[in-house]
Amino acid sequence: MLGKTEIYEAAHSFITRAYSELNKTPEETRSRINDILSEIQQTGTYTHTFEELEHGAKMAWRNSNRCIGRLFWDKLRITDARQSESPLEVASLLIQHIEKATNGGRIIPSITVFRPETAISESIRIWNHQLIRYAGYETTDGIVGDPDSIAFTNMCNKMGWTGEGTDFDILPLVIQQGNQEPEWFNIPRHAVIEVHLEHPEIPSFSSLGLKWYAVPIISDMALEIGGITYQAAPFNGWYMGTEIGARNLADSFRYNKLPLIAELMGLDTHSETTLWRDRALVELNIAVLHSYKKAGVSIVDHHTAAMQFRSFEEREARSDREITGDWTWLIPPVSPATTHIFHKSYNDEVRSPLFQYMERLY
Ligand code: ARG
């Protein structure tokens, strides 16, 4: 937690920036800054108005150097959950987040903001990496499920949760209030849309039994706005196909499905020069995009996403804002050089408000 001076300085710079973007008058800005100063002097912290929280969260998305989807930063939907107290209440709002953001497949970029840890309130922490995520188990015949979830799954097991032991068990929500023991809550099945993967030209593809969930909702990053850190502020957009098709299901240290797909396609996997990995990768990515579209679940391919990112760059330039970015994350993992992003460089400076990583709790 910051001292009074640091909070005030951060608040001052945030309010100045945000209020100018929101077309407030200099008087409104000055008077709000004065109110914040006296609130900080009295309580050691201050409380954002809904408008400040909303615009701050949007600015944090706009400042997300690794995100290619930022064209839509201004469309973020905010739920103010700062009133919720208990883990049970938090869990029910998280389930509402899942349902409202999923929106039957027409995904709405959304964030739910819980109360920050301050001089006057206890922290709320969500232990999950994403609200919806598949469990991973180390068994005697190898890993089942998502290898990336093994540590978290072990922790859930220790808390008394058990999964069915499939490759796609949905993990429970794990919520901690202050220094109390974390509590877990199952997500109702009907709240979660999943998409079974099929390929438009390879009928046997669906026999692989692959699927993925509709909405990625990151829940282990803190939202920092004007010196206030919201440690529980899960947010989502929709998937870019490659996240699933070139990483989650393809990485050798994740679901590692390329060899299986190559086999199904009858490719020669004995020599790298047949480019069987690349061919399998492209077909898997076609299957992802095709299946999400067919299921009516929002998704974007990496070419369209790159074009949207170009519009974002142009729009920001017109607003006289310099954009920041992390090239290593912005380029898509499939055919990066076919996008304009590959051929330029970005300033990876960190600006506030922002989403930041927190130390892991397990
Ligand atoms: N890459 C992460 C995943 O595959 C999700 C990160 C956020 N992605 C997004 N499109 N908003 O689950």
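That block above? That's the structure.
In every chain, residue numbers begin from 1 and rise along the written sequence. The predicted nature of this model means local features are confined to residues of pLDDT at least 70 and side-chain atom pairs, given and counted, to a pLDDT of 80 or more, with totals for whole chains, interfaces and linings taken over all residues. Hydrogen atoms and water are omitted, and side-chain values are computed over all heavy atoms in the structure.

(A) Looking closely at the pattern of salt bridges. Each salt bridge in this description consists of a side-chain nitrogen of Lys or Arg and a carboxyl oxygen of Asp or Glu lying within 4 Å of one another. Inspection of every chain in the model, using the stated rule, returns 22 salt bridges. Of the charged contacts, one joins Arg321 and Glu21 as a salt bridge, the two residues approaching to 3.8 Å between their closest N and O atoms. Of the two residues, Arg321 is situated in the loop between helix H9 (302–318) and helix H10 (327–330) and Glu21 in helix H1 (residues 4–21); the sequence distance between them amounts to 300 residues. The salt bridge partner of Arg247 is Asp251, with a shortest N-O separation of 2.9 Å. The numbering of helices and of strands both runs from the N terminus, where a helix is a DSSP run of H or I of at least 4 residues and a strand a run of E of at least 2.

(B) Summary view of the sheet that holds strand E10 (residues 217–218). The mixed open sheet is built from four strands, whose spatial order is E1-E2-E13-E10. The open sheet has two free edges, formed respectively by strand E1 (77–81) and E10, since each of these has just one partner strand. Summarising the sheet, E1 and strand E2 (residues 110–114) pair through five bridges and their orientation is parallel. From the neighbouring strand, Arg77 faces E2, where its bridge partner is Ser110. The contact criterion used is simple: two residues touch if any of their non-hydrogen atoms lie within 4.5 Å. Every angle, taken between N-to-C directions, lies between 0 and 180 degrees, and every axis is a line fitted to C-alpha atoms, over only the stretch in contact when it is a helix. In the packing of helix H3 (residues 50–62) onto the sheet, the strands contacted are E1 and E2, and the crossing angle to E1 comes to about 130°. In short, DSSP must find at least two bridges between two strands for them to pair.

(C) Spatial organisation of the packing of aromatic side chains. A pair of Phe, Tyr and Trp rings is counted when the ring centres sit within 6.5 Å of each other, with Trp represented by its six-membered ring. The angle between the planes then sorts it: under 30 degrees is stacked, over 60 is edge-to-face, the rest tilted. One pass over the full model with this rule turns up 14 aromatic pairs. Between Tyr134 and Trp212, the ring centres sit 5.0 Å apart and the planes meet at 85°, which makes this aromatic pair edge-to-face. On the criterion of sequence distance, the pair formed by Tyr134 in the loop between strand E3 (124–126) and strand E4 (136–139) and Trp212 in strand E9 (residues 211–213) is long-range, its members being 78 residues apart. Centroid distance Phe235 to Phe355: 4.3 Å. Interplanar angle 35°. Geometry classified as tilted. Pair noted here: Phe235 is in strand E13 (residues 235–236) and Phe355 is in strand E16 (residues 354–357), with a separation of 120 residues, a long-range link. Each member of the pair Phe235 and Phe355 is classed as buried. An aromatic cluster is built from Tyr134, Phe168, Trp212, Tyr213, Tyr239 and Tyr255, whose rings are joined through pairwise contacts. Geometrically, a charge over a ring is one whose NZ (Lys) or CZ (Arg) sits within 6 Å of the ring centre while staying within 35 degrees of the ring normal. The ring centre of Tyr19 lies 5.4 Å from the NZ or CZ of Lys24, which sits over that ring. A cation over an aromatic ring shows up here: Arg62 above the ring of Trp73, its NZ or CZ 4.7 Å from the ring centre. Each residue gets one of three labels from its accessible area relative to the maximum for its type: buried under 20%, exposed over 50%, partly exposed in between, using a 1.4 Å probe on protein chains only.

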